[in-house]
Amino acid sequence: MSPLHPISDFIDINSTINNSSPAYYYQGYSHNGELLQLPRTSEAEAVARGLMRQLAENEVYSHEGKMYGILLVELPTKEKAVLKAFSGLLNGKSIVEGWVPPIPGREKVVLEENRTLAELEAIKQEIIQLKQLTQREEYEAVILEFEKRLQEMSKHHQISKQQRDEKRDLLYKNLTGEELNQELNKQLNKQLKIELEKLKEESRQQGVERKLLKRKRDEALQPLQEVINDADMRVRELKQQRKQISRKLQAQMHAAYSIMNFMGNSSSLQQLMPQGLPTGTGDCCTPKLLHYAATNNLKPMAIAEFWWGESTQDKKRGEFYGACMERCQPLMGFLLSGLKSGRQEEILNPSLVTEEIPIIYEDEWLIAVDKPSGLLSVPGRYHHNQDSVVSRLSNLLPDSKNITAVHRLDMDTSGILLLTKNKEIYRLLSQQFEQRLVSKVYEAVLLGSTIANEGVIELPLWGNPEKRPYQEVNYQYGKPCITKFKVLDRIFKNKVSSQPENYTRIEFIPLTGRTHQLRVHAADTKGLAAAILGDKLYGCESREVSRLHLHARELTFKHPYLKENICFKVGTPF
């Protein structure tokens, strides 16, 4: 069965489709710097919702959370048709009737993949066994037993010490005034010396008793500890071995996967991204859909991807999402090559972008700008995300080859960004940031109400490598993060067709500068329990905003050369 479907399978062809501007563009830069784009139109979203209704009718799609996508294509006959795809495997299968097949190449390494997966499973089971050694339980039991005995001993020794102190006090009390001085001059009478020596000896014996018990504990623990240390060393070796095996398989799969673009050019994933790609690259919906369309002479018109199944921390059932930054986005320039841009205007290589950024201060050492939301602070790793404050300033300003950002703002955060013109000033300012001598003030709007009007949030943050770029509160691995906050205003909106919504306008003063610090401190239940408006990564459900409502409003520091305190302030754009 062909994966091509009539559009009427998903929507009523007589229904009215809102022809508003596309909500999102899948885009990438070709090898010559041309920006290529494929829109997510209202029609594509309507088709995708039709697919959602079909998925909702079948329980097989309800539990396993994954990305699904549709591609609206034009046939050689000028008729419209729909392709549909799922990411990864569906119920353990890569080929499912009616869905776009996987990109060719996996079958070339399927035997090696099966062998490697079996090897990885064996490593996993050995790690589990090593972590469940009976010696670990014995070690904990010995620790608990001796800890209990040490506590009892300490309690007994404490009582004995108190009794000795009382006895000493009584002995000295009987020798007072002149008589005491006479006795002390004679180095105390014989009976007193004997009694005091007994007390000292009792104290020494109890110290010895404690040391002997600890030695006995250590002797009991030593053979167990040796077994545990050997097991932990083996676990580390196995994890390293597992990583190397996974990387080898990943490299083989990326070399085998061959994708085609609309110019008729084919390339392996390894050739496209020789520096390496995350596991699963090539198995996402977008590459599958575009590769199939290119190899079957189908003209893409619009595309839409959404999450279906159980929601996760960063993906919600029925929500639309763009190309994933780690796996799909680096391939978009190649995949879209041969297509005309989805917009009327064409933008060349991002290094040639001439759109100006508001400069709020400049001297021979520094530049401060008011960064707009949606623009990177510095160029990204790949060709598609080179457009940034640094690259634009380097192109626009004379003698600006050494422009460097001293700190970063998230792509979706707007506000004051400080840059330097030479290495020495960069070093001096970086020291101020590291030593927390720079004061930063942010303004944000939260979706929800906060209980306190002001306070301090102290929650350690950790970047989970399995969920990049997501940051989470983690008391074991997290780095200390401190944020002061103050409520500026509370807003209540009584919406006509839905539930009323509460908003909180808030001022943040970060005392540390961790990735996503303000966003997590706002959204986490241990923080303010109200996500920043527009922050879908951390749980903001509102669909009515187009940007993250977080703005770097003020920045204060000491000018390294002028030796003056400089304070920049810009207005909040929301």
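Numbers given to residues run from 1 along each chain, matching the order in which its sequence is written. Local features are withheld for residues below a pLDDT of 70 in this predicted model, meaning they are given only at 70 or higher, and side-chain atom pairs are given and counted only at 80 or more; totals for whole chains, interfaces and linings count all residues. Excluding hydrogens and water, the side-chain values take into account all heavy atoms of the structure.

Caption draft 1: Molecular detail of the overall build of the protein. Per the convention used, a helix needs a DSSP run of H or I reaching at least four residues, while a strand needs a run of E reaching at least two, with both numbered from the N terminus. Tallying secondary structure elements over the protein gives 11 helices and 21 strands in all. Every one of the 574 residues in the protein was classed for burial, and the buried ones make up 44%. It only takes one pair of heavy atoms within 4.5 Å for two residues to be counted as in contact. For the protein, long-range pairs separated by at least 24 residues make up 67% of all intrachain contacts whose partners lie at least 6 apart in sequence. For the accessible areas, the method is Shrake-Rupley and the probe is 1.4 Å, while residue cover comes only from the protein chains on display. When the accessible surface of the protein is split by element, carbon and sulfur atoms take 49% of a total near 31,800 Å². The buried label goes to any residue with under 20% of its type's maximum accessible area, the exposed label to any with over 50%, and the partly exposed label to all in between, with areas taken from a 1.4 Å probe on protein chains only.

Caption draft 2: Structural context of the confidence of the model for the protein. pLDDT measures how confident the predictor is about each residue, on a scale from 0 to 100. Looking at the protein as a whole, the pLDDT averages 83, with 86% of positions reaching at least 70. Ranking the helices and strands of the protein by mean pLDDT puts strand β20 (residues 550-558) first, with 96, and helix α4 (residues 177-185) last, with 51. Low pLDDT (under 50) marks residues 341-354, which in the prediction has 29 contacts with non-local residues, meaning those over four places away or in another chain.

Caption draft 3: How the structure looks around the pattern of salt bridges. Here, a salt bridge means any Lys or Arg side-chain nitrogen found within 4 Å of an Asp or Glu carboxyl oxygen. Inspection of the entire model under this criterion finds 23 salt bridges. The shortest N-O distance in the salt bridge between E64 and K66 comes to 3.7 Å. The exposure class of K66 is buried, given its relative accessible area of 6%. Two residues, K536 and E319, come together in a salt bridge whose shortest N-O distance is 3.8 Å. Taken together, the residues span a long stretch of sequence, with K536 in the loop between α11 (517-523) and β20 and E319 in the loop between β8 (299-308) and β9 (320-321) at a distance of 217 residues. Salt bridges linked by common partners bring E443, R505, E507, R553 and E554 together as one network.

Caption draft 4: Quick peek at the side chain of S87. As for its position among the elements, S87 is in the loop between β5 (80-86) and α2 (110-131). A relative accessible area of 14% means that S87 is categorised as buried. Among all residues touching S87, those that are not within four sequence positions of it are K66, M67, D283, C284, C285 and K288.

Caption draft 5: Geometry of the sheet that holds β5. Spatially, β1-β5-β4-β8-β9 is the arrangement adopted by the 5 strands of the open sheet, whose pairing is antiparallel. For this open sheet the edge positions go to β1 (5-6) and β9, each flanked by a neighbour on one side alone. Any two strands with at least two DSSP-identified bridges between them are counted as paired. With 9 bridges joining them, strand β4 (residues 66-74) and β8 adopt antiparallel strand pairing. Across the sheet, the residue bridging to K66 is W308, located in β8. All axes are obtained by fitting lines to C-alpha atoms, using only the stretch in contact for helices, and the reported angles, taken between N-to-C directions, cover 0 to 180 degrees. Relative to the sheet, helix α1 (residues 42-56) contacts β4, β5, β8 and β9, its axis offset from that of β8 by approximately 45°.

Caption draft 6: Examining helix α10 (residues 423-434) more closely. Here the expected span of a helix is defined as 1.5 Å times the quantity of residues minus one. Along its 12 residues, α10 runs 16 Å from first to last C-alpha, staying within 8% of the 16 Å computed at 1.5 Å per residue. For α10, the set of buried residues is I425, L429, S430, Q432 and F433. One face of α10 carries all of its buried residues, which in axial projection span an arc of 155°. Seen from the open side of α10, the exposed residues pointing more than 90 degrees away from its buried face are K423 and E434. Note: the arc covers the axis-to-C-beta directions of the helix.

Caption draft 7: Expanded view of the nonpolar core. Counting residues in each nonpolar core, the largest one holds 44 residues, and the members touching the most others are V369, V389, L393, L419, L446, I506 and F508. Listing elements by their share of this core, those giving two or more residues are β11 (366-371), α9 (389-396), β13 (414-420), β14 (439-447), β18 (482-493), β19 (501-510), α11 and β20. Excluding residues that lie within four positions of it along the chain, V389 makes contacts with I357, V369, K371, L375, L376, S377, L417 and L419. In plain words, nonpolar cores are sets of buried Ala, Val, Leu, Ile, Met, Phe, Trp, Tyr and Cys residues tied together by side-chain atoms within 4.5 Å. One finds L71, L83, L289 and F334 within the second-largest nonpolar core, a separate group that totals 35 residues.

Caption draft 8: Representation of the pairing of β5 within the structure. For β5, the tally of buried residues reaches 6 of 7 residues, placing the bulk of the element in the interior. Of the pairings in the sheet, the one linking β1 to β5 comprises 2 bridges and is antiparallel in character. When the bridges of β5 are listed, P6 appears paired with A81. Note: β4 against β5, 7 bridges, orientation antiparallel. Bridge assignment links G69 to a residue of β5, and that residue is A85. With antiparallel pairing between neighbouring strands as the criterion, β4 and β5 make up a hairpin whose turn holds 5 residues, including K78 at a positive phi of roughly 75°.

Caption draft 9: Spotlight on the environment of A444. On the secondary structure map, A444 appears in strand β14. Sequence spacing of A444 and F508 is 64 residues, and the spatial spacing of their C-alpha atoms is 7.6 Å. What A444 contacts, discounting residues up to four positions off in sequence, is T504, R505, I506, F508, I532, H549, L550 and F574.

Caption draft 10: Representation of the pairing of β11 within the structure. Among the 6 residues in β11, 5 count as buried, and that is most of the element. In this sheet, β11 lies alongside strand β10 (residues 359-362) in antiparallel orientation, the contact comprising 3 bridges. Within β11, the position partnered with I359 by the bridge is V369. Here β10 folds back onto β11 in antiparallel fashion, the turn holding 3 residues. Bridge count between β11 and β13: 6 bridges; the pairing is antiparallel. Following the sheet pairing, D370 is matched in β13 by I416.

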